[in-house]
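Topology and contacts: notes
Listed here are the chains, written in short residue letters.
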Amino acid sequence: MINIILCEGGTDQRLLGAYLERSAGWTRTKMKSVPFAHYPNIWYVKEDDENKTLGILSVNGTNFTPALTDIMKSETLEHTIERIAVVTDHDDMTAETTRLMKIHDVICKGLGVWPFYDDIVPSQWLDVTFFDGFASRCVIKFCYLLVPMSETGALETFMLEAISENPEMCNVVERAMYFIDGVKATSHCYLKRRREVIKSRLGACMAVFNPDRILNTTNWLIKSVEWEKFEAAHKQFSALREI
């Protein structure tokens, strides 16, 4: 069976892939023929079961409707997906309500099922039962993950929280946040948007962690940090380890 994770962008893909490779026994692979190949995708196989595959697909933004529409259409023709997770930034309250409702409605319309919005609990798996084109009863497991889980923010917020578990890194994170917050408070030209502040905090940390490679340090940080050792990573992505 196929497992799918939909995320916003390339950084999300790499972080999720790095975490699952180290903590859940997935290995990156090249597949001759992949479904939904028109979306940026990275594929993995389970180390102890090569028949189990995982695709992490990027939708390049927060609009998951086109990708989910394609996936639901494919499922009604032939049920091949065991689990599908949507991982998205916890930007604001709309991520908890409006964005989730749109995703829910696409699934309901695509599979022809009754509303199940009230049963959705972020970071928990939910069985969605439907009938495919052969009138066979099928079940697809669905999960909605907000990053970070318990506060508004983005992937960068989670990354700062996770690496702060390392005492040496924590010192840098605290000073970087103090610096960026000071710039925001005194500047009329820079860091006007909340997302710019979040990204700048991580960027300031990366400039210290690896100044020689600052232009390409996001990839370096994702690959080098042992995410599987951070409690924050396990809390955030524990549902994905069930795939």
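Residues numbered from 1 in each chain as written. Predicted model: local features only at pLDDT ≥ 70, side-chain atom pairs only at ≥ 80, totals over all residues. Heavy atoms only, no water.

**Side note on the side chain of D91**
Along the chain, D91 turns up in the loop between β5 (81–89) and α3 (93–96). In contact with D91, other than residues within four places in its own chain, are T62, R99, T152, G153, R194 and R195. (Helix = DSSP H or I, 4+ residues; strand = E, 2+ residues; numbered from the N terminus. Contact = heavy atoms within 4.5 Å.)

**What to know about the packing of aromatic side chains**
Counted by the stated rule, this structure contains 5 aromatic pairs. Put simply, the rings of Y19, F158, W227, F230 and F237 pair up and form one aromatic cluster. Across from the ring centre of W125, 4.8 Å away, lies the NZ or CZ of R83, which sits over that ring. (Phe/Tyr/Trp six-rings, centres within 6.5 Å; stacked < 30°, edge-to-face > 60°. Lys NZ or Arg CZ within 6 Å of the ring centre and 35° of its normal.)

**Let's talk about unusual backbone geometry**
The omega angle of the peptide bond from V147 to P148 is -5°, so this bond is cis rather than trans. Within the fold, P148 resides in the loop between β7 (137–147) and α5 (155–163).

**Section: the pattern of salt bridges**
Inspection of the entire model under this criterion finds 10 salt bridges. Among the salt bridges present, the one from R195 reaches D91, with a minimum N-O distance of 3.6 Å. On the criterion of sequence distance, the pair formed by R195 in helix α7 (residues 194–209) and D91 in the loop between β5 and α3 is long-range, its members being 104 residues apart. By relative accessible area, R195 is classed as partly exposed at 34%. For K199, the salt bridge is made with E156, and the minimal N-O distance between the two is 2.9 Å. (Salt bridge = Lys/Arg side-chain N within 4 Å of Asp/Glu carboxyl O. Buried < 20%, exposed > 50% of the residue type's maximum accessible area, 1.4 Å probe, protein only.)

**Remarks on the nonpolar core**
Residues I5, F158, M159, W227 and L240 are the most contacted members of the largest nonpolar core, which totals 48 residues. With sequence-adjacent residues up to four places away left out, W227 is seen in contact with L15, A18, Y19, R22, F158, M159, A162, I163, L221, I222 and A233. In terms of nonpolar packing, the next biggest core, distinct from the first, is built from 34 residues, V59, L68, L100 and I140 among them. (Core = buried A, V, L, I, M, F, W, Y, C linked by side-chain atoms within 4.5 Å.)

**Comments concerning the state of the cysteines**
Under the defined criterion, the tally for this structure stands at 0 disulfides. Take C108: it sits in no disulfide, and the sulfur closest to it among the cysteines is that of C138, at 16 Å. Residue C108 is classed as buried on the basis of its relative accessible area of 10%. Between C205, a free cysteine, and C170, which holds the nearest cysteine sulfur, the sulfur-to-sulfur gap is 9.7 Å. With relative accessibility at 0%, the residue C205 sits in the buried group. (Disulfide = S-S within 2.5 Å.)

**Let's talk about the pairing of strand β3 (residues 41–46)**
Burial runs high along β3: 5 of the 6 residues are buried. In terms of strand pairing, strand β2 (residues 26–29) meets β3 through 4 bridges, oriented antiparallel. Opposite R28, over in β3, you have Y44 as the bridge partner. Bridging between β3 and strand β4 (residues 49–58) involves 6 bridges; their strand directions are antiparallel. Along β4, the bridge assignment pairs W43 with G55. (Pairing = 2+ DSSP bridges.)

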